[in-house]
Amino acid sequence: MSKKPLEILTETMFYVLMAFYRQEMCGTEIARYVRELTKGEVSMGPGTLYTILSQFQREDLIEKTGSEGRKITYAITERGRQMYQSELRRLRRCLADAEAAGAERGKL
Amino acid sequence: MRKDRKYVFETLMYRDFERRESYYTDMAAEGWYLKKYGLCVTVFERGEPEPGRRYRLLPKKGTPDPEKRELFLAGGWKQVEASGSWDIYYTDDSSAEELFTDGISYRSYMADFSGGELLWLIIFLVTGIWMVYGNLSALLLFKPGTWMMAVDEVGICVLAAMPVFLICSGGLWIDYFITSAGIIRRIKHGTVRHGLSWKRKTRIGRIATVLILVSLAVVLAGSLSGRGDLSRDELQNFHAEHPVQLEEIDPSANRVIQRCIRTNVWEDPNAFEASVDSNVLFRNKITVSYTVGDGKPPMYHPETGITDFIYNQMDYQARYYEARSERIARIFLEGVISEDIRSAVRSGDLPSDTDMNKIQRNVRGVDYAGYYGNADTAQHLYLRRGRYIEIASYSGMEDSRYLLSRDLDKFVKNLQRRLL
């Protein structure tokens, strides 16, 4: 697994963190949640999801809150919330800059 | 053998997991399902053909993680229950997402594997370069005498098998290198290839592996055949007598060794070995080696004024050949002398312009006599008379006064008399 600390979230990571931002969730529910939320635009393989969950735990963005057999439930941590909000702000800024640039040139 | 099981000698590179995915997938389409896999043998079980099945391989990471298994199951991927260093997953659901849907997570998951592969690649590269470089001069300096030395050393069959072994091993080495480099590059870019062709590579791999095993068997058989050990009582020079005495070549050295034999008590020779052999070039070949020492306390040598404070020891080696023709004997001896001189020049024991003629001594009764050495280095003697060759070398202490003893029979007899 990559040992470098997270700096920017990928699209898939962002949606996973978004899922936990709303509520505690089991890992197996996340893929279905993201697929439904994005209407199939964002897909997530089980290997990708597993890697992201491992990385988030290592970075202390989520924590285990319970387990039922092999199913484990996670909740977002305070650091995870901050990371999500920071990423949200960054994306909004990008979008705003893009819209402003489009307005300047008369295109959008 | 059970008809519902197939045992396949699989020589696809063990770490070429992309091709192995295609292989297992195609076998499933024909109704053969992966049951167990190993380094060379894969076991399949008969079932209904499943054209839609996909297999994917991931390197194992530590202990099995139940959560990972659960996530994969939720994604439609089941795991093959097989031991080994790979986790193998499969799905029959065409709508199931691939295990990794973005390159970054794939690269992160495979980071340890690609790091290990890179390390192995470096080791393989360094080893390969070293082996080629080490043998390149021998290959480029191919001469009949060198060829004969190789035949004498390992036998004609072994010599024929060695190029086969080297070419096949070299081919597999190159294939491993190219394949691993490609895998590492793709992991670094977060990509993986599915649906690779495997049939031609498998066929070539099987042929190469069989050839390597056969050539290894020939090499092993060649090394075990035709040899016999000789005891000291059986040892005899197959000349009627030595063709030349040391006193004819180096009278002063001979005086010293004779004095040493007279004045020292030699212990039993240890590490005495003698064997007889034959091959396509030589009807008879006798090899003798032994080490003797006296174990005496420090000994003063008035002729040099030096006192030996350490255990006095000499090592003696001799080879006696009866070639199948005089021509073979001549070419072979030329090869041996050339190789020894080359080695001595490299180590600085001889000047660079030394050749057979420069070490030749005028000795009656032989077709060729060559000698070089001194008290500080090993001494070497080469004799040929017709089909018969005698090659002897001796090395003693660096400051030893014990020089080459050519009179092997006399020396051994002296030992036997002293031991009685």
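Here the structure is a predicted model, which means the values were calculated and not measured.

Draft legend 1. Representation of the overall build of chain B in the model. Broken down by element type, chain B carries 11 helices and 15 strands. Each of the 420 residues in chain B was classed as buried or not, and the buried ones make up 43%. At a minimum sequence separation of 6, the contacts of chain B that also span at least 24 residues come to 67%. Accessible surface computed for chain B: about 22200 Å², of which carbon and sulfur atoms make up 57%.

Draft legend 2. Focus on the UniProt feature "transmembrane region" (unreviewed entry) in chain B. In the UniProt entry, the feature "transmembrane region" (unreviewed entry) is given for residues 118-142, 162-184 and 204-224 of chain B. Structurally, residues 162-184 of chain B is divided into 100% helix and 0% strand, and its ends, taken at the C-alpha atoms, are 32 Å apart.

Draft legend 3. Representation of the sheet that holds strand S2 (residues 62-68) of chain A in the model. The strand order S1-S3-S2 (chain A) describes an open sheet built from three strands, whose pairing is antiparallel. Either end of the sheet is taken by a strand with one partner, and the two such strands are strand S1 (25-26) and S2 of chain A.

Draft legend 4. Quick peek at unusual backbone geometry. Residues and elements named next belong to chain A. Although it is not a glycine, Lys39 adopts a positive phi angle of roughly 55°. Tracing the backbone through its elements, the reader meets Lys39 in the loop between helix H2 (27-37) and helix H3 (46-58). Positive phi, normally seen in glycine, also occurs at Asp60, with a value near 60°. Topologically, Asp60 is positioned in the loop between H3 and S2. Judged by relative accessible area, Asp60 falls into the partly exposed class, the value being 42%.

Draft legend 5. Main features of the pairing of strand S14 (residues 379-385) of chain B. Residues and elements named next belong to chain B. Taking burial as the measure, the seven residues of S14 include six buried ones, the bulk of the element. When strand S13 (residues 368-372) meets S14, the two strands line up antiparallel, connected through five bridges. Paired with Tyr372 across the bridge in S14 is His380.

Draft legend 6. Representation of the packing of aromatic side chains. Residue and element names in this part refer to chain A. Summed over all chains, the structure comprises 23 aromatic pairs over all chains. Each ring, one from Tyr21 and one from Tyr84, has its centre 4.5 Å from the other, and the planes form 35°; the classification is tilted. Placement of Tyr21 in helix H1 (residues 11-22) and of Tyr84 in helix H4 (residues 78-104) is noted, with a sequence separation of 63 residues between them. With relative accessibility at 8%, the residue Tyr84 sits in the buried group. Directly above the ring of Tyr21 sits Arg81, whose terminal nitrogen or CZ lies 5.2 Å from the centroid.

Calculation rules
Residues numbered from 1 in each chain as written. Chains lettered and ligands numbered in written order. Predicted model: local features only at pLDDT ≥ 70, side-chain atom pairs only at ≥ 80, totals over all residues. Heavy atoms only, no water. Helix = DSSP H or I, 4+ residues; strand = E, 2+ residues; numbered from the N terminus. Buried < 20%, exposed > 50% of the residue type's maximum accessible area, 1.4 Å probe, protein only. Contact = heavy atoms within 4.5 Å. Areas by Shrake-Rupley, 256 points an atom, 1.4 Å probe, with all protein chains shown as cover. UniProt positions renumbered as here; feature names shortened; annotations may be inferred. Pairing = 2+ DSSP bridges. Phe/Tyr/Trp six-rings, centres within 6.5 Å; stacked < 30°, edge-to-face > 60°. Lys NZ or Arg CZ within 6 Å of the ring centre and 35° of its normal.

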